[in-house]
Amino acid sequence: MAPETNTATDTMTNDPILKVEHLSMRFGGLMAINDLSFEAQRGEITALIGPNGAGKTTVFNCVTGFYKPTMGMISMRQASGKTFLLERMPDFEITRDAKVARTFQNIRLFTGLTVLENLLVAQHNTLMKASGYTILGLLGLPAYKNASAASIELAKHWLEKAHLIERADDPAGDLPYGAQRRLEIARAMCTGPEFLCLDEPAAGLNPRESLALNELLTGIRRDTGTSILLIEHDMSVVMEISDHVVVLEYGQKISDGTPDHVKNDPKVIAAYLGVEDEEVEEVIEEIEEIEEGGKH
Ligand SMILES: Nc1ncnc2c1ncn2[C@@H]1O[C@H](COP(=O)(O)OP(=O)(O)OP(=O)(O)O)[C@@H](O)[C@H]1O
């Protein structure tokens, strides 16, 4: 049985794994993120939503070290208490030391490698460390053999969780789209992350694939306690699995709370409908009238 990454935590306690404080990101004349603050709690699924161009990917890129913010602080506190100031770290250190794993909007698998090989490549660092970085180590050290066996066990564990074990020896590029998305998440889990960042994991999935994704993510939360931050357009995924939702519009936070809270927040409805706040009630009444009319 492969080791679980973290201990599940009580989601009722105030124990943020990520704190974003007064984050701003400017691209030339454009303020893509403007004085944004929010927290993601340990062991929870936090969703970042908002209309196109609201700044979601930019926040993600700041958290994962792909962009250096113009201003602000992004701190991550591991379960051990060790704290990292992510805005000061290069992306590879954020992955390696802070244990933040991410997936991208566009799937980035090694399509020519098998499904299993994709998960073994993800554990390359652990294996190389065990080899002592020598050819002799690769060939003979017991530490390497043990690490190699453990890597295969961990890969098999996540293939089972992602319902991909039957496809282990197939090229990753042959998998259907939804299965490739789950493979990316399984690969990220093989690195033993404390914080998993998913960029639109449900993009392009059919309803059956979305359901399989929901099951995989809620299983990760339940069984490993890994905290998850996701950007998502698919509201059925966001509302179904998130504990906490942060809504952005034009680089600023307009709502923050439970899925039920943000779903009924007039500011959020206005942002998605593209109307002014004060017009929301009017528009909702119009929609209700149209729906009523449709029933007769
Ligand atoms: N590297 C960049 N250079 C210049 N402008 C950028 C850059 N990255 C993002 N932007 C701009 O910043 C704003 C926020 O973009 P971002 O991609 O973060 O939004 P988003 O909410 O993720 O949008 P979508 O839902 O369409 O993916 C947009 O106006 C975008 O054009």
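Residues numbered from 1 in each chain as written. Predicted model: local features only at pLDDT ≥ 70, side-chain atom pairs only at ≥ 80, totals over all residues.

**What about the overall build of the protein?**
When helices and strands are tallied, the protein shows twelve helices and ten strands. Put simply, the protein has 296 residues, and 38% of those count as buried. A separation of at least 24 residues holds for 67% of the contacts in the protein among residues at least 6 apart in sequence. (Helix = DSSP H or I, 4+ residues; strand = E, 2+ residues; numbered from the N terminus. Buried ≥ 20, exposed ≤ 12 C-beta atoms within 10 Å, placed from the backbone. Contact = placed C-beta atoms within 7 Å.)

**As for the site of the ligand**
Close contacts around the ligand come from F27, L30, A32, G50, N52, G53, A54, G55, K56, T57 and T58, and that covers them all. Elements with a minimum of two residues in the shell around the ligand: β2 (30–41) and α1 (56–63). Considering every element that reaches the shell around the ligand, the biggest residue donor is α1, with three residues. (Near = placed C-beta within 6 Å.)

**Here's the deal with the pairing of strand β3 (residues 45–49)**
Judged by how many residues are buried, β3 sits mostly within the fold: five of five residues are covered. A two-sided burial pattern is seen for β3, the buried positions comprising I45, A47 and I49 on one face and T46 and L48 on the other. Examined bridge by bridge, β3 and strand β8 (residues 227–231) share four bridges and lie parallel to one another. Bridged to L48 within β8 is I231. With four bridges joining them, β3 and strand β9 (residues 244–249) adopt parallel strand pairing. Each bridged residue has a counterpart across the sheet, and for I49 the counterpart in β9 is V247. (Pairing = 2+ DSSP bridges.)

**What about unusual backbone geometry?**
One non-glycine residue, H22, lies in positive phi territory at about 50°. With respect to the helices and strands, the residue H22 is situated in strand β1 (residues 16–27). On the neighbour-count criterion, H22 (12 C-beta atoms within 10 Å) is exposed. The phi torsion at E200 lies on the positive side, around 50°, for a residue other than glycine. With respect to the helices and strands, the residue E200 is situated in the loop between β7 (195–199) and α8 (207–224).

**Notes on the sheet that holds β2**
What the four strands build is an open sheet, ordered β2-β1-β4-β5; its pairing is antiparallel. Two strands in the sheet have a free side with no partner beyond their single neighbour: β2 and β5 (83–85). Neighbouring strand axes in the sheet, compared pairwise and without regard to direction, differ in orientation by 15° on average. Pairing of β1 with strand β4 (residues 71–77), which is carried by five bridges, proceeds in the antiparallel orientation. Directly across from E21, in β4, lies its bridge partner M73. (Axes fitted to C-alpha atoms, helices over the stretch in contact; angles between N-to-C directions.)

**Overview of the sheet that holds β8**
Spatially, six strands are ordered β6-β7-β8-β3-β9-β10 in an open sheet, and the strand pairing comes out mixed. The strands lining the two open edges of the sheet, one partner per strand, are β6 (100–102) and β10 (252–257). Pairs of neighbouring strands in the sheet enclose a mean axial angle of 15°, with direction left out of account. Helix-sheet contacts for α1 involve β3, β7, β8 and β9, and the interaxial angle to β7 is about 150°.

**Notes on the pairing of β1**
One ladder, built from eight bridges, connects β1 with β2; its direction is antiparallel. Opposite L23, over in β2, you have L36 as the bridge partner.

**Observations regarding the environment of L159**
Looking at the element boundaries, L159 is found in helix α6 (residues 142–161). Its 22 C-beta neighbours within 10 Å are what place L159 among the buried residues. Spatially, the C-alpha atom of L159 lies 28 Å from that of L18, the residues being 141 residues apart in sequence. Discounting chain neighbours no more than four positions away, the residues touching L159 are V115, L119, L164, I165, A168 and A186.

**Some remarks on the environment of E215**
For E215, the position within the fold is in helix α8. Linking E215 and I241, residues 26 residues apart in sequence, is a C-alpha distance of 8.9 Å.

**Things to note about the domain arrangement of the protein**
According to the domain assignment, the protein consists of domain 1 (1–99 + 193–264) and domain 2 (111–191). If you look at the interface, domain 1 gives 15 residues, while domain 2 gives 15 residues. At the level of elements, β7 and α8 are the ones that each hand at least two residues to the side of domain 1 that touches domain 2. Per-element tally for the side of domain 1 that touches domain 2: the top contributor is α8, with six residues. Its residues assigned to classes, the side of domain 1 that touches domain 2 comprises ten nonpolar, three polar and two charged. (Domains from an automatic or database assignment. Nonpolar A, V, L, I, M, F, W, Y, C, P; charged D, E, K, R; others polar.)

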